[in-house]
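Survey of secondary and tertiary structure
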Amino acid sequence: MHDQPLNMLWLQSGGCGGCTLSMMCAESPELFTSFEAAGIHVLWHPSLSEASGNAVTQTLEAIINDEVKLDILCLEGAVVRGPNNTGKFHMMAGTSEPMMHWIKKLSLKADYVIAVGTCAAYGGITSGGGNPTDACGMQYEGKRRGGLLGQDFRSVRKLSVVNIAGCPTHPNWVTETLAQIVLGNFTESNMDEFGRPRSYVDQLVHHGCPRNEYYEFKASAKKPSDLGCLMENLGCVGTQAHADCNTRLWNGGGSCLRGDYPCVNCTAPGFEEPGHPFTETPKIAGIPVGLPTDMPKAWFVALASLSKAATPERLKLNAVSDHVKVVQGIRGRTK
Amino acid sequence: MSRRIVGPFNRVEGDLEVQLDIQHGKVADAWVVSPLYRGFEQMLHGKHPNDAMSYVPRICGICSVAQSVASAYALADAQGVQMPSNGELAVNLILANENLADHLTHFYMFFMPDFAREIYKNEPWHAVVAERFTAMKGSAARQMLPARAAFMHLMGILAGKWPHTLAIQPGGTTRGVKAEEQVRMLTTLYQFRCFLEDTLFGDSLENIANLSSSNELKSWLENDKHSNRDFGLFLSVADALQLHTMGRATDRFMSYGVYPTNGEPLFARGLWEEGHLARLDIDAIREDVSHSWMIKYGEPKHPFDGVTQPDPDMQDGYSWCKAPRLDGKVVEVGALARQLVNGHPLIQSLVTESGGNVRNRVIARLLELALVAIEMEAWIKAIRPNETFCNLVSMPDEAEGVGLMEAARGSLGHWLKIKHGRILNYQIIAPTTWNFAPRDLNEQPGALEQALIGATVRQGEITPVEVQHIVRSFDPCMVCTVH
């Protein structure tokens, strides 16, 4: 299909490998056919390739020495800089060099540099809890531009790092972004202000949320497994989170909300430290902080109290139950 | 003595380096290095106990659910809450979904591609194995990947997504299952059964589960319907390369037990030592850091009192991995240990004949695919829609708890102390921490370090293929190992 597939190298550092494992859940087509269709030739991938040991370091050297063209570099996992900027928390196996040095050298050779997952993009979970390993992203440290490569970094094709954020990434966020890049259609205008592909972050997790009726009437869940809206009490930030999880769906039809647990905004820089327990909504004077970003607070409060007063009994009861107790009646029929 | 440094080791989860002392074409000694440290135990200190449920799955993208389950069990122990029957069944199903997907991934993507290597091109079996299993090009992965992805639709229903779900809670699962979803899950599982029976085994799951001795397995392989499928292909290659003579470690095996229904595990807890089943004393676990890049505080500690403070310049250190020991001894964990401890007759017969080795580890994993897939059907049918999935109890301000379970790769334990409503200490021992541990105070090598001794290094080999078979036979997960 493609005369000249692009060479992709995939490296892993301070992360869990979950973005690769998620990517292996690609369907129709499966992962290898997706790569072929997109025009991606895998130079090396830690979980997929045959080459091990010295064969790998030879490939990396060949790229650095301009003997092999590197079109796309993907990093999965955060850049580990500690302790004291030595990078010793991750020395690349088989070499006596810190992984962060390899990442930097290879980034300078790549037409496109892609951070796969929130760790590689911004530091993510690896930078949580006081950040013991001084982890950061490729071109961000949390919300701040900079990171390993610096705020002014541009790849050979003059593009900043593409941040396919998510913890983990949806398989098709990765495969479709790669395919757009191969087509030559991917530019800075395809990225939002945190460098994320707009193809999936121009939407909110709230869009398509199956609990929208509960949200409208502020019929809130009180405990995990309740059916009601998870925003008021259980820490859900789906109304502010940029991702298409409830319209694209995961593993054949799921999403966090469809799994009946809150969205923790895993595509956002800094999601790992929300400043409160993940599954509890912080409140001031009984009103949740962190309301929808583009709605005046006074209006939200007014509408919320209005809709609470109008909540149908059915939603009130179902919101605090783990299965539907009252079914919507049919108009014109009485029981 | 010069050490050969082998790495990066791929088709293991995470980063791994192995150092070898090679003499007369054999490995004389080995050191296993875990080169990546992230520090989850440090991160969790001071956090709200419930936040562990958001952090720990992210230790590992391949054993994500296993980490969630161990954490949920530890928190449940601290809270004194028990799961309702539905919660127990749903957790078992989510965990089994991950464990079986991992077994499949290991066999098709991580382990078998090594037999398609150029070095075997003159072997009579090479052509057919290369057609099936060459990395990224073989026909097998293109059948396995869609089957695995479809099987993981169970996650879409029960866990929202995989990896990194929050559906698993100390008191059960957040996600109620409706009657129509129960039927959908049975259909999904049936589709997976078809893949296993048609493509992997060429036989029914029940027949595989009932294989009861090495002789039965030999005669089973004589049938063409079996020998030309993927399991049969592996058994033939194993025979040709004598994989049962490679990678023997301590032959002391441990399992924490897993998949409870009404509190009774499907696979039992125990220890297999000197050819016999023995009681497992969890209190005899200690973590030794004498050869880790960790600051040492006196004697090896029980994980409740464990300390994790990294120092890359630690004298005698050569790995971020600690060295867990049971009563001072090295144990091996994984599917082989699990089935041995649970008394599966085929596995007991194989281990009695040839011990723990490359072939037997792989057979145990594939056997488990059959055993657990059969059980999953019963669990789905036992779910009672419209009844509760999650019990709730408030979190105490002071408590301690332990969560022990079996991940795909073996025994996983979380030990947790809560004080003033916050996590005071959180210690994790993962399966590959047991298998890929460094030496201890007594210079006793870890399980893989022992298993590598005697491995053949062919003329001119820089990354010896036999070493690769042995390493991958453990299905290591390095991101869990150090966490």
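Everything that follows concerns the structure shown earlier in this document.
Described below are features of the structure shown in this document.

Each value, and the rule that gives it
- Residue indices follow the written sequence of each chain, beginning from 1 at its first position.
- Labels are handed out in written order, letters beginning with A for the chains and numbers beginning with 1 for the ligands.
- Where totals are concerned, whole chains, interfaces and linings use all residues; where local detail is concerned, this predicted model gives features only for residues with pLDDT of at least 70, and gives and counts side-chain atom pairs only at 80 or more.
- Put simply, DSSP H or I for four residues or longer makes a helix, DSSP E for two residues or longer makes a strand, and each gets a number counted from the N terminus.
- Two things to know: the radius of gyration comes from C-alpha atoms, and the globule rule equals 2.2 Å times the number of residues to the power 0.38.
- Think of it as a crowd count around each C-beta: if 20 or more other C-beta atoms lie within 10 Å the residue is buried, if 12 or fewer it is exposed, and in between it is partly exposed, with C-beta placed from the backbone throughout.
- Any two residues are considered in contact once their C-beta atoms, placed from the backbone, lie within 7 Å.
- For this classification, the nonpolar set comprises Ala, Val, Leu, Ile, Met, Phe, Trp, Tyr, Cys and Pro, the charged set comprises Asp, Glu, Lys and Arg, and every other residue, Gly included, is treated as polar.
- All axes here are fitted lines through C-alpha atoms, helices being fitted over the stretch that makes contact, and every angle between N-to-C directions spans 0 to 180 degrees.
- In these notes the angle categories are as follows: under 35 degrees is roughly parallel, over 145 is roughly antiparallel, 65 to 115 is roughly perpendicular, and the rest is oblique.
- Each helix crossing is assigned a hand: it is left-handed if the near helix lies turned anticlockwise from the far helix by less than a right angle, otherwise right-handed if that turn is clockwise.

1. As for the overall build of chain B
In terms of regular secondary structure, chain B is built from 19 helices and 15 strands. The C-alpha radius of gyration computed for chain B amounts to 22 Å, which stays within 12% of the reference 23 Å derived for 483 residues, consistent with globular compactness. Principal-axis analysis of the C-alpha atoms places the extent of chain B at approximately 65 × 60 × 40 Å. Within the span of chain B, comprising 483 residues, buried residues form 61% of the whole.

2. Quick word on the overall build of chain A
Secondary structure summary: chain A contains 11 helices and 11 strands in total. In terms of its C-alpha atoms, chain A occupies a principal-axis envelope of roughly 75 × 45 × 35 Å. Buried residues in chain A amount to 55% of all 335 residues.

3. A short note on the interface of chain B and chain A
Counting residues at the interface gives 70 residues for chain B and 63 residues for chain A. Where the side of chain B that touches chain A is concerned, the elements lending two or more residues are strand S1 (4-6), helix H1 (40-44), helix H2 (52-55), helix H6 (139-151) and helix H7 (153-158) of chain B. Of all the elements, H6 of chain B adds the most residues to the side of chain B that touches chain A, at five residues. Residue classes in the side of chain B that touches chain A are distributed as 36 nonpolar, 22 polar and 12 charged.

4. Considerations on unusual backbone geometry
Here the bond from Cys167 of chain A into Pro168 of chain A is cis, since omega is 0°, no more than 30 degrees from zero. Along the polypeptide, Pro168 of chain A turns up in the loop between strand S9 (162-164) and helix H6 (171-183). With an omega of -5°, the peptide bond running from Gly7 of chain B to Pro8 of chain B counts as cis. In this fold, Pro8 of chain B is placed in the loop between S1 and strand S2 (17-23).

5. Thoughts on the packing of helix H3 (residues 54-64) of chain A against helix H4 (residues 99-107) of chain A
Residues and elements named next belong to chain A. Between H3 and H4, whose axes approach to 9 Å, the crossing angle comes to 45°. Classed by the angle they form, the pair H3 and H4 counts as oblique. Handedness of the crossing formed by H3 with H4: left-handed. Residue-level inspection shows Leu60, Ile63 and Ile64 of H3 in contact with H4, the latter providing Trp102, Lys105 and Leu106.

6. Here we look at the packing of helix H4 (residues 85-111) of chain B against helix H15 (residues 358-382) of chain B
All names here are of chain B. The geometry of H4 relative to H15 is characterised by a closest axis approach of 9 Å and an angle of 150° between their N-to-C directions. On the basis of the axis angle, H4 is roughly antiparallel to H15. For the pair H4 and H15, the crossing hand works out as left-handed. The residues of H15 that touch H4, namely those facing Leu89, Asn92, Leu93, Ala96, Asn99, Leu100, His103, Leu104, His106, Phe107 and Phe111, are Val362, Arg365, Leu366, Glu368, Leu369, Val372, Ala373, Met376, Trp379, Ile380 and Ala382. Along the lines of polarity and charge, the residues of the contact of H4 with H15 split into 16 nonpolar, four polar and two charged.

7. Digging into the environment of Phe234 of chain B
Residues and elements named next belong to chain B. Following the sequence through the fold, Phe234 ends up in helix H12 (residues 230-241). On the basis of neighbour counts, which here come to 22 C-beta atoms within 10 Å, the residue Phe234 falls in the buried class. Spatially, the C-alpha atoms of Phe234 and Phe107 are 9.6 Å apart, while their sequence positions differ by 127 residues. Non-local contacts of Phe234, meaning those with residues more than four positions away in its chain, are made with Met112 and Val362.

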